[in-house]
Every structure is written in structure tokens, then in C-alpha cells.
Amino acid sequence: MIKLNLETSWTEMIAMLLEAEPQLSPADVEFEEGEDEALVRKLSQRLGRSYEQVIGWIESVSSNTSKAS
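Residue positions are given per chain, counted from 1 along the sequence in the order it is written. Thresholds applied to this predicted model are a pLDDT of at least 70 for local features of residues and 80 or more for the giving and counting of side-chain atom pairs; totals over whole chains, interfaces and linings are not thresholded and use all residues. For the side-chain quantities, the full set of heavy atoms in the structure was used; hydrogens and water were omitted.

K.L.:
With reference to specific residues and values, describe the packing of aromatic side chains.
P.N.:
Two descriptors summarise a pair of aromatic rings, namely the distance from one centre to the other and the angle between the planes of the rings. Any pair of Phe, Tyr and Trp rings, taking the six-membered ring for Trp, is counted once the centres come within 6.5 Å. Such a pair is stacked with planes under 30 degrees apart, edge-to-face with planes over 60 apart, and tilted for the rest. Summed over all chains, the structure comprises one aromatic pair. A ring pair is formed by W10 and F31, whose centres lie 5.0 Å apart and whose planes are at 40°; its orientation type is tilted. Linking W10 in helix α1 (residues 10–20) with F31 in the loop between α1 and α2 (36–47), this pair joins segments that are 21 residues apart in sequence. Its relative accessible area of 15% is what places W10 among the buried residues. Any residue under 20% of the maximum accessible area for its type is buried, any over 50% is exposed, and the rest in between are partly exposed; the area is computed with a 1.4 Å probe on protein chains only. Relative accessible area serves as the criterion here: at 26%, F31 is assigned to the partly exposed category. Our definition puts a charge over a ring when NZ of Lys or CZ of Arg is within 6 Å of the ring centre and also within 35 degrees of the ring normal. Here the basic side chain of R49 rests over the ring of W57, its NZ or CZ set 5.2 Å away from the ring centre. Secondary structure elements follow DSSP: runs of H or I of four or more residues count as helices, runs of E of two or more count as strands, with numbering from the N terminus.

And the structure:
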């Protein structure tokens, strides 16, 4: 089981992730507390990236509060 290390709230993260990856929909980034692994797997499949790449991407976007990229 993983625990994402976020430097911002999930509400703020949603906007940042949607900005960074316009092909994502709000449904793609729906999140329930404790379901980090399910979210990463869903985004991995949707974005065509590895599980590890998605974790790194989410944490990178979280740490870059000035602009999602």
C-alpha cells in the first residue's frame, strides 16, 4: 500500500492535475481517503504511464504550487 506525499490539499491538487493533463476529466481524479493505490492505478491506465511514473508526477505537481506542469 502506498501513501502519496502531497504538499497541498487534494482539492487544490485536482485543479493542478487537470491543468497539467487536459485529457483527464474530474472523474479521473476522484479520490477517497486511503485509496491512493486505486487512484494511481486508474491514472496509470488513463495516461499510459507506469505506476511509478504516476506517483512521481503527482508528487512533482504537488510540490510545484506555482504552476502544474
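Next, the rest of the story.
K.L.:
Could you give an account of α2, naming the residues involved and the relevant values?
P.N.:
Multiply 1.5 Å by the residue count of a helix minus one, and that product is the helix's expected span. Relative to the 16 Å expected for 12 residues at 1.5 Å per residue, α2 spans 16 Å between its end C-alpha atoms, a close match to the ideal helical length. For α2, every residue scored as buried is listed here: D36, L39, V40, L43, S44 and L47. Buried residues in α2, looked at end-on, bunch into an arc of 135°, giving them a common side. In this fold, the buried residues of α2 make contact with α1 and α3 (51–63). Positive backbone phi, at 70°, marks G48, one or two positions downstream of α2. The arc in question is the one spanned by the directions pointing from the helix axis to the C-beta atoms. Note on definitions: a residue-residue contact is assigned when non-hydrogen atoms from the two residues lie within 4.5 Å.

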